[in-house]
Amino acid sequence: MSIDTIDVSMKPNNKRNIKAAITGVGGFVPEDFISNKDLEKMVDTNDEWITARTGIKKRRILKDKGKGTSFLAINAAKDLIAKKKINPESIDLVIVSTITPDFHGASTAPTVASAIKAKNAYAFDLSAACSGFLFGMSTATSYIESGRYKKVLLIGADMMSSIVDYTDRSTSILFGDGAGAVLVEPSLNGYGWEDEYLRSDGIGAEWLNIKSGGSLYPISNETIANKWHYIAQDGKTVFKSAVSEMANATEQIIIRNELKSEEIKYLLPHQANKRIIDATAEKINLDKNKVLMNIENYGNTTAATIPLLMYDYEKNLNEGDKLILAAFGAGLTWGAAYLTWAYN
Ligand code: COA
């Protein structure tokens, strides 16, 4: 791609007085899982096909009745709070990025904020599917950059097992449950959120969605009979769009920040399909060992994939490391971001 084709309309604003940084990470996945071998008994599939076509071996599943996405999010938040030894009362805002809230109407973030005793925070959910963490980071960093908020807790959490049809082999092989949390604060050392390139296109809403339960198709006997309460997708079309848009967004971020491949420490891509990740890395000429992955163990946990990567690989990250994040999901939504890691 030549520099002429780079979208300069949203060039990084380096005049910010306050830079936001991720200063802590937490995570949680349930212990129970469904392996590829388990799936062989449920749908017409096999371990070899799933491994070769997706890179996934197993997905964690929250099996306990009476527990929803808030349970995952609360545990990820508690993990972060304990590790960072922060007083929950110092948190100003809790954002939960999710497409599987406990309820419609009452958002999940207030449940999480109350459970972790963040009693001085206000809280809301953000819905951007697999781009939920990236869009959430854009929101969280903007609150910090405004100067009005000092501690924002962003949690990407999804209980995908609650919307997966385990008789559908095109979706049941892909998704899992999990949550990842990050604390976003004003940077003290100059490292943090550097730039973002985020986009959406509603034309693709029909390619990946949960059709019923919203205002267009309220739940009825008919919607249930049609299985519209489950996630459904046109896998091939989503795959093609994901490959081209994730690669393009990543390229835009790299070129306009004048980053060389060798300078980038890691790419943290949304974990939807190993083949989408490999194609993105190839497009930007990035060594395979610079691409962080945990899709094999968790599958696609939607808003939780990128913070769970940070959680799993936190020990590998050092102050000043140049990281690229990239995601693509329902909506359609997608984007990439550049950040410099702020702590050891
Ligand atoms: N097990 C075994 N065989 C399967 C299968 C499964 N689970 N699913 C499809 N197949 C078969 C198909 O019937 C087809 O057989 P045929 O060639 O005899 O007709 C063949 O495998 C290829 O099917 P296709 O649908 O082209 O597979 P694919 O390579 O596109 O992979 C997905 C399917 C769903 C894994 C892939 O399209 C994908 O990952 N899409 C993006 C999904 C995504 O990321 N969604 C979340 C948003 S980020």
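Residues numbered from 1 in each chain as written. Predicted model: local features only at pLDDT ≥ 70, side-chain atom pairs only at ≥ 80, totals over all residues. Heavy atoms only, no water.

Engineer: Help me out: how do you make sense of the pattern of salt bridges in this one?
Structural biologist: Two side chains that carry opposite charge are able to pair once their charged atoms sit near each other. What the rule picks out here adds up to 14 salt bridges. D195 is the partner of R256 in a salt bridge, and the nearest nitrogen-oxygen pair spans 2.8 Å. Here D195 lies in strand β8 (residues 193-200) and R256 lies in helix α7 (residues 235-256), a separation of 61 residues in the sequence. You can call R256 buried: its relative accessible area is 8%. On the basis of relative accessible area, D195 is assigned to the buried category, the value being 5%. (Salt bridge = Lys/Arg side-chain N within 4 Å of Asp/Glu carboxyl O. Helix = DSSP H or I, 4+ residues; strand = E, 2+ residues; numbered from the N terminus. Buried < 20%, exposed > 50% of the residue type's maximum accessible area, 1.4 Å probe, protein only.)

Engineer: Is there a simple way to explain the domain arrangement of the protein chain in this structure?
Structural biologist: Many descriptions give the size of an interface as the accessible area lost when the pieces come together. The assigned domain composition of the protein chain is domain 1 (20-186) and domain 2 (193-340). The C-alpha centroid of domain 2 is placed 14 Å from the C-alpha centroid of domain 1. Taken together, the contact pairs 53 residues of domain 1 with 44 residues of domain 2. Regarding the contact of domain 1 and domain 2, the summed buried area is about 3800 Å², with carbon and sulfur atoms giving 64% of it. One can count two salt bridges joining domain 1 with domain 2. Of the charged contacts in the structure, one is a salt bridge between K227 and D165, with a shortest N-O distance of 3.4 Å. Secondary-structure elements contributing two or more residues to the side of domain 1 that touches domain 2 are β1 (20-28), α2 (47-54), β3 (58-60), α3 (69-84), α5 (132-145), β6 (152-159) and β7 (177-186). (Domains from an automatic or database assignment. Contact = heavy atoms within 4.5 Å. Buried area = accessible area lost by both parts, 1.4 Å probe.)

Engineer: Please clarify how the sheet that holds strand β13 (residues 333-340) should be interpreted in this entry.
Structural biologist: Two orientations exist for strands paired in a sheet by backbone hydrogen bonds: parallel and antiparallel. With mixed pairing, the four strands of this open sheet are ordered in space as β8-β13-β12-β11. Unpaired on one side and paired on the other, β8 and β11 (266-269) mark the two borders of the sheet. This sheet shows a mean twist of 10 degrees between the axes of neighbouring strands, independent of strand direction. Strand contacts of α7: β8, β11, β12 (322-329) and β13, with the helix running at about 150 degrees to β12, the strand carrying the most contacts. (Pairing = 2+ DSSP bridges. Axes fitted to C-alpha atoms, helices over the stretch in contact; angles between N-to-C directions.)

Engineer: What am I meant to see in the site of the ligand here?
Structural biologist: The immediate surroundings of the ligand are formed by 21 residues, with T45, R53, R169, K236 and N273 found nearest. Within the side chain of W49, a nitrogen or oxygen atom sits 3.2 Å from an oxygen atom of the ligand. In this structure, K236 approaches the ligand through a side-chain N or O atom, which is 2.3 Å from an oxygen atom. Compared with its free state, where it exposes 950 Å², the ligand has 73% of that area covered by protein. (Near = heavy atom within 4 Å. Polar contact = N/O pair within 3.5 Å; in protein donor to acceptor, adjacent residues only side chain to side chain. Areas by Shrake-Rupley, 256 points an atom, 1.4 Å probe, with all protein chains shown as cover.)

Engineer: Looking at this structure, I do not really get the packing of aromatic side chains. What am I missing?
Structural biologist: Think of a pair of aromatic rings as described by two things: how far the centres are apart, and how the planes are tilted against each other in angle. Within this structure, the stated rule accounts for nine aromatic pairs. On the basis of an interplanar angle of 70 degrees and a centroid distance of 6.5 Å, the ring pair of Y122 and Y143 is categorised as edge-to-face. On the criterion of sequence distance, the pair formed by Y122 in strand β5 (residues 122-126) and Y143 in helix α5 is long-range, its members being 21 residues apart. Of the residues examined, Y122 reaches a relative accessible area of 35% and is grouped as partly exposed. (Phe/Tyr/Trp six-rings, centres within 6.5 Å; stacked < 30°, edge-to-face > 60°.)

Engineer: What exactly am I supposed to notice about the sheet that holds β6 here?
Structural biologist: One open sheet accounts for five strands, arranged β1-β7-β6-β4-β5; its pairing is mixed. If you trace the sheet from one side to the other, it starts and ends with β1 and β5, each paired once. Strand-to-strand twist across the sheet, computed as the mean angle between neighbouring axes with direction ignored, equals 20 degrees. Pairing of β6 with β7 involves eight bridges; the strand directions are antiparallel. Bridge pairing in β7 links V152 to V184.

Engineer: Please clarify how the side chain of S35 should be interpreted in this entry.
Structural biologist: On the secondary structure map, S35 appears in strand β2 (residues 33-35). Of the residues examined, S35 reaches a relative accessible area of 16% and is grouped as buried. Dropping the residues within four chain positions of it, S35 is found in contact with K57, K58 and R59.

Engineer: What's the story with the packing of α3 against helix α4 (residues 108-115) in this structure? I'm lost.
Structural biologist: Two packed helices can be described by the angle between their axes and the distance between those axes. In the contact formed by α3 and α4, the axes pass within 9 Å of each other and the chain directions differ by 45 degrees. Taken together, α3 and α4 sit at an angle that is classed as oblique. The interaxial crossing formed by α3 with α4 has right-handed handedness. On the side of α3, the interface is formed by S70, A73, I74 and K78, while α4 contributes T108, T111, V112 and A115. Across the contact of α3 with α4, the residue classes tally to four nonpolar, three polar and one charged. (Parallel < 35°, antiparallel > 145°, perpendicular 65-115°, else oblique. Left-handed = near helix turned anticlockwise from the far one by under 90°. Nonpolar A, V, L, I, M, F, W, Y, C, P; charged D, E, K, R; others polar.)

Engineer: Please explain the pairing of β13 as it appears in this structure.
Structural biologist: Note on strand geometry: in a regular strand, side chains alternate between the two faces of the sheet. With respect to burial, β13 is a largely interior element, eight of its eight residues being buried. Neither face of β13 is open: one carries T333, G335, A337 and L339, the other W334, A336, Y338 and T340, and all of them are buried. Pairing of β8 with β13 involves seven bridges; the strand directions are antiparallel. Looking at β13, one finds that E196 is bridged to A337.

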